[in-house]
Every structure is written in C-alpha cells, then in structure tokens.
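Remarks on the overall topology
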Amino acid sequence: MTFIKSRAEGDVIPQTPLFDRARSTSGYAINKMANGLSQPDNRAAFKADESAYIDRYGLSPDQKQAVMSRDWNEMMRLGGNLFYILKISAVDPTPITQIGAAQAGMDHDEFLNNRLGKKKNG
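Since the model is a prediction, treat every value here as computed from it, not as a measurement. (Residues numbered from 1 in each chain as written. Predicted model: local features only at pLDDT ≥ 70, side-chain atom pairs only at ≥ 80, totals over all residues. Heavy atoms only, no water.)

Focus: the overall build of the chain
Helix and strand counts for the chain stand at 9 helices and 0 strands. Reading the chain from its N end, one meets helices and strands in the order α-α-α-α-α-α-α-α-α. Burial analysis of the chain (122 residues in total) assigns 32% to the buried set. Sequence-distant contacts, at least 24 apart, represent 44% of the contacts inside the chain between residues at least 6 apart. Total accessible area on the chain stands at roughly 8100 Å², and carbon and sulfur atoms take up 51% of it. (Helix = DSSP H or I, 4+ residues; strand = E, 2+ residues; numbered from the N terminus. Buried < 20%, exposed > 50% of the residue type's maximum accessible area, 1.4 Å probe, protein only. Contact = heavy atoms within 4.5 Å. Areas by Shrake-Rupley, 256 points an atom, 1.4 Å probe, with all protein chains shown as cover.)

Concerning the confidence of the model for the chain
When pLDDT is averaged across the chain, the result is 85; 81% of the residues are at 70 or more. Across the chain, the secondary-structure element scoring lowest on mean pLDDT is helix α1 (residues 21-26), at 78, and the one scoring highest is helix α4 (residues 50-55), at 98. Per-residue pLDDT stays below 50 along residues 1-6; that stretch engages in 3 contacts with residues further than four places along the chain or on separate chains. (pLDDT = per-residue confidence, 0-100.)

Overview of the packing of helix α2 (residues 28-36) against helix α7 (residues 82-91)
Contact geometry of α2 with α7 gives a least axis separation of 8 Å together with a crossing angle of 45 degrees. One way to sum up the angle between α2 and α7 is to call them oblique. Handedness of the crossing formed by α2 with α7: left-handed. Residue-level inspection shows Ile30, Asn31, Met33, Ala34 and Asn35 of α2 in contact with α7, the latter providing Tyr84, Ile85, Lys87 and Ile88. In terms of residue class, the contact of α2 with α7 is built from 6 nonpolar, 2 polar and 1 charged. (Axes fitted to C-alpha atoms, helices over the stretch in contact; angles between N-to-C directions. Parallel < 35°, antiparallel > 145°, perpendicular 65-115°, else oblique. Left-handed = near helix turned anticlockwise from the far one by under 90°. Nonpolar A, V, L, I, M, F, W, Y, C, P; charged D, E, K, R; others polar.)

Considering helix α5 (residues 61-68)
Turning to α5, its buried residues are Gln63, Lys64, Ala66 and Val67. Looking straight down α5, one finds its buried side chains confined to an arc of 160 degrees; they lie on one side. Within α5, the exposed residues directed more than 90 degrees away from the buried face are Pro61 and Gln65. Against α1, α2, α3 (40-48), α4, α6 (72-77) and α7 lie the buried residues of α5. Where α5 terminates, the next one or two residues include Arg70, which has phi positive at roughly 55 degrees. (Arc of directions from axis to C-beta.)

Here we look at the packing of aromatic side chains
A full pass over the atoms with the stated rule returns 2 aromatic pairs. Ring centres 5.6 Å apart and planes at 90 degrees place the aromatic pair Phe46 and Tyr53 in the edge-to-face group. When sorted by exposure, Phe46 lands in the same class as Tyr53, which is buried. Geometrically, the ring pair formed by Tyr53 and Tyr57 is tilted, given 5.2 Å between the ring centres and 55 degrees between the ring planes. With a relative accessible area of 22%, Tyr57 lands in the partly exposed category. Clustering of aromatic rings is evident, with ring pairs tying together Phe46, Tyr53 and Tyr57. (Phe/Tyr/Trp six-rings, centres within 6.5 Å; stacked < 30°, edge-to-face > 60°.)

Thoughts on the nonpolar core
Met33, Phe46, Val67, Met75 and Ile88 are the most contacted members of the largest nonpolar core, which totals 20 residues. Elements represented by at least two residues in this core include exactly α2, α3, α4, α5, α6 and α7. By residue number, the principal contributor to this core is α2, which donates 4 residues. What Phe46 contacts, discounting residues up to four positions off in sequence, is Met33, Leu37, Tyr53, Ile54, Val67, Arg70, Ile88 and Val91. (Core = buried A, V, L, I, M, F, W, Y, C linked by side-chain atoms within 4.5 Å.)

Pasting the structure below:
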C-alpha cells in the first residue's frame, strides 16, 4: 500500500491547487459571493447583472474574470472551494461533469467516456 506524503514533506499533486489556509484566505470573497447564490434573490440579481452582483463582494479582477468566463480551474486556483463554485454552476446550469472535464483537461464527451465509462447516445 502506498501512502501519500503530507505537503509538509514536499508532496504536491501536479496541476491540483491545494485548498490550504493561504488559498482559503485569498478565496474568501469568491466563496462568499458564490455562497450568496444559495438565496433566490441573489440568484436573480446574479442573472440580471452578473458584473454588478460580483462587485458587491470585492472580488479581485482575476477572480471576477474567472467567474464571468466560467473558468472553473482558475476559480479554484484563485481560492474558490469546489462546494461554493458548484453554486455558480447551478445558476447556469452547468453539469458537474463539465467542471470535471475542465479540471481533467478533456472535452465533456471524452470525460464522460474515459472517466465515467458513459457513451454518448446517438
């Protein structure tokens, strides 16, 4: 059985942002904004004027751009926690498998087939 070393021992998973204290702190605004989408009034405000809604929470320009372009990987790199980011995806709605495909660097159909063993119908 192989055990993964802790980050303190120098083990880092390639291309995987570690959600540690520093990333959590830097992502506070994006996560607070995304969590706000739990409320129907906030979802309506987000749909009506996404930029203005985001500005309420003081996101960095990079975080705002990542949200507006639905760059799931960049949102996570900039401190977004997947559980909050999924609230953004629910507004569109974007399937979680689409986010998984983006994180794996695959197109959606390839991800469904190769990672989940699902063949596209038709």
